[in-house]
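Here is how the chains run, residue by residue.
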Amino acid sequence: MNKPLRILSILSIVFITVLFMNAINKETVEPIVNTHKNYKIKALKLPENLNLAGERVPVEIPDVRERMERELLVNTYWQSNGLLLLKRANKYFPILEPLLEKYGLPDDFKFLALAESGFTDETSTVGAAGMWHFMKQTGKEYGLEINKNVDERYHIEKSTKVAAEYLKNAYERFGSWTLAAAAYNAGNYGVSRRIEAQQVNNYYDAKLPDETERYVFRILALKEIISNPKKYGFVFEKEDLYHLNKTTTIKVDTAITNITTFAKKFGMNYKEFKIYNPWLREHHLNNKSRKMYEIKIPVK
């Protein structure tokens, strides 16, 4: 190919490439740019009536206001996690609410359970487990059965009863639900020692460990967002939320040698059985003492 033709070919390729790129920009780039222009990170206005179990949050104190805003911003703009928590709350709050009322605990403490575990079946890095994230020793002290075969920290009804006992004991000690919530995170002794040394009598005036300093504010932020999701930009339909099937209970006072076989008798597979009975930790139930256990079976 002679030189003029080679130059003409190169110019043609460049011209076609430019036209192609312009077409792509019009189809793909412009909508993305427009989307970015419409997306805004807005400062959040704190509600005036923030409270935990009726105990007012003193947001007029600059430090308190800043800490509250931090948790509200983090939990609002971490959208994926916030939406998942909203979905799971719809799944478990209907179970927790009557239990909290039954055991004499303010309804707001369902948000403590959500803050603790996110309603996932995961063990924390320090060994806390179940919806209420009990440590093994604490659970045993309050009468939960905890071993390799059975771990009642994962039993919603029994662990909620224990959580209520712990929190009510803390309330009697401190005279404050807010301090009781803080003690759930840092321990009764840890909170008591610090407020006595600092000569203060409430959570908002106390200097506590970093995690505990954020703890109550995270509970408050979750309460505010989940109670008013549209206000904070969460858009969903009722059918988008998670739910648990209604269950019936059967009583068992013998060993279960094979949970898979046992579950099939009730129209379930192994995984489904464990969703409704996560406190059974192995593939069998020993039950040498012939203790009476209650097994949940979903009503289909």
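Treat the numbers as computed from the prediction; the structure is a model and nothing was measured. (Residues numbered from 1 in each chain as written. Predicted model: local features only at pLDDT ≥ 70, side-chain atom pairs only at ≥ 80, totals over all residues. Heavy atoms only, no water.)

Visitor: Let's hear about unusual backbone geometry: which residues, and what values?
Guide: Not every positive phi belongs to a glycine, and Phe119 is a case in point at roughly 55 degrees. Using a relative accessible area of 7% as the deciding quantity, one classes Phe119 as buried. (Buried < 20%, exposed > 50% of the residue type's maximum accessible area, 1.4 Å probe, protein only.)

Visitor: Please set out the side chain of Arg67 residue by residue, giving values where relevant.
Guide: Among the secondary structure elements, Arg67 is positioned in helix H2 (residues 62–77). Non-local contacts of Arg67, meaning those with residues more than four positions away in its chain, are made with Tyr203, Tyr204, Glu213 and Phe217. (Helix = DSSP H or I, 4+ residues; strand = E, 2+ residues; numbered from the N terminus. Contact = heavy atoms within 4.5 Å.)

Visitor: Which residues make up the layout of surface pockets, and what values do they have?
Guide: In this structure, the largest pocket occupies an estimated 850 Å³ of space. Residue lining of the largest pocket: 42 residues in total, with Tyr154, Ile156, Tyr276, Pro278 and Lys296 positioned closest to the centre. Breaking the lining of the largest pocket down by element, the ones donating at least two residues are helix H3 (79–102), helix H6 (156–174), strand E3 (247–252), helix H11 (270–276) and strand E4 (293–298). Broken down by element, the residue count for the lining of the largest pocket peaks at eight residues, all from H3. (1 Å grid on protein atoms, 1.4 Å probe; cavity = no way out; pocket = protein on both sides within 12 Å on 5 of 7 lines; lining within 4 Å. Points joined across faces, edges and corners; volume = space filled by probe spheres on them.)

Visitor: Residues and numbers for the packing of H3 against H6, please.
Guide: Contact geometry of H3 with H6 gives a least axis separation of 10 Å together with a crossing angle of 45 degrees. Judged on the interaxial angle alone, H6 and H3 are oblique. For the crossing formed where H3 meets H6, the hand is right-handed. Across the interface between the two elements, Tyr92, Ile95, Leu96, Leu99 and Leu100 from H3 touch Ile156, Glu157 and Thr160 from H6. In terms of residue class, the contact of H3 with H6 is made up of six nonpolar, one polar and one charged. (Axes fitted to C-alpha atoms, helices over the stretch in contact; angles between N-to-C directions. Parallel < 35°, antiparallel > 145°, perpendicular 65-115°, else oblique. Left-handed = near helix turned anticlockwise from the far one by under 90°. Nonpolar A, V, L, I, M, F, W, Y, C, P; charged D, E, K, R; others polar.)

Visitor: Could you give me a rundown of H2, with the residues and numbers involved?
Guide: Between its first and last C-alpha atoms H2 spans 22 Å; for 16 residues at 1.5 Å apiece the expected length is 22 Å, and the two agree. For H2, the set of buried residues is Val64, Arg67, Met68, Glu71, Leu72, Asn75 and Thr76. Taken around the axis of H2, the buried residues stretch over an arc of 160 degrees, which confines them to a single face. Opposite the buried face of H2, at more than 90 degrees from it, the exposed residues are Pro62 and Glu66. Against the buried residues of H2 lie H3 and helix H9 (210–227). (Expected span 1.5 Å × (residues − 1). Arc of directions from axis to C-beta.)

Visitor: Break down the pattern of salt bridges for me, with residues and values.
Guide: Taken as a whole, this structure holds 16 salt bridges when the rule is applied. With a closest N to O distance of 2.5 Å, Arg214 and Glu71 form a salt bridge. Here Arg214, found in helix H9, pairs with Glu71, found in helix H2; they are 143 residues apart in sequence, far enough to count as distant. Glu71 sits in the buried class, given a relative accessible area of 2%. Where Lys158 meets Glu152, a salt bridge forms, and the shortest distance between an N and an O atom there is 2.8 Å. The exposure class assigned to Glu152 is buried, which follows from its relative accessible area of 2%. Three or more residues joined by partner-sharing salt bridges are found here, namely Glu145, Glu152, Lys158 and Lys291. (Salt bridge = Lys/Arg side-chain N within 4 Å of Asp/Glu carboxyl O.)

Visitor: Please provide a residue-by-residue account of empty space enclosed by the protein, values included.
Guide: Summed over the entire model, instances satisfying the criterion amount to one cavity of 30 Å³ or more. In this model, the largest cavity occupies a volume close to 40 Å³. As for the largest cavity, its lining consists of Asn75, Gly82, Leu85, Leu222, Ile225 and Ile226. Of all the elements in the fold, those that place two or more residues in the lining of the largest cavity are H3 and H9. By residue number, the principal contributor to the lining of the largest cavity is H9, which donates three residues.

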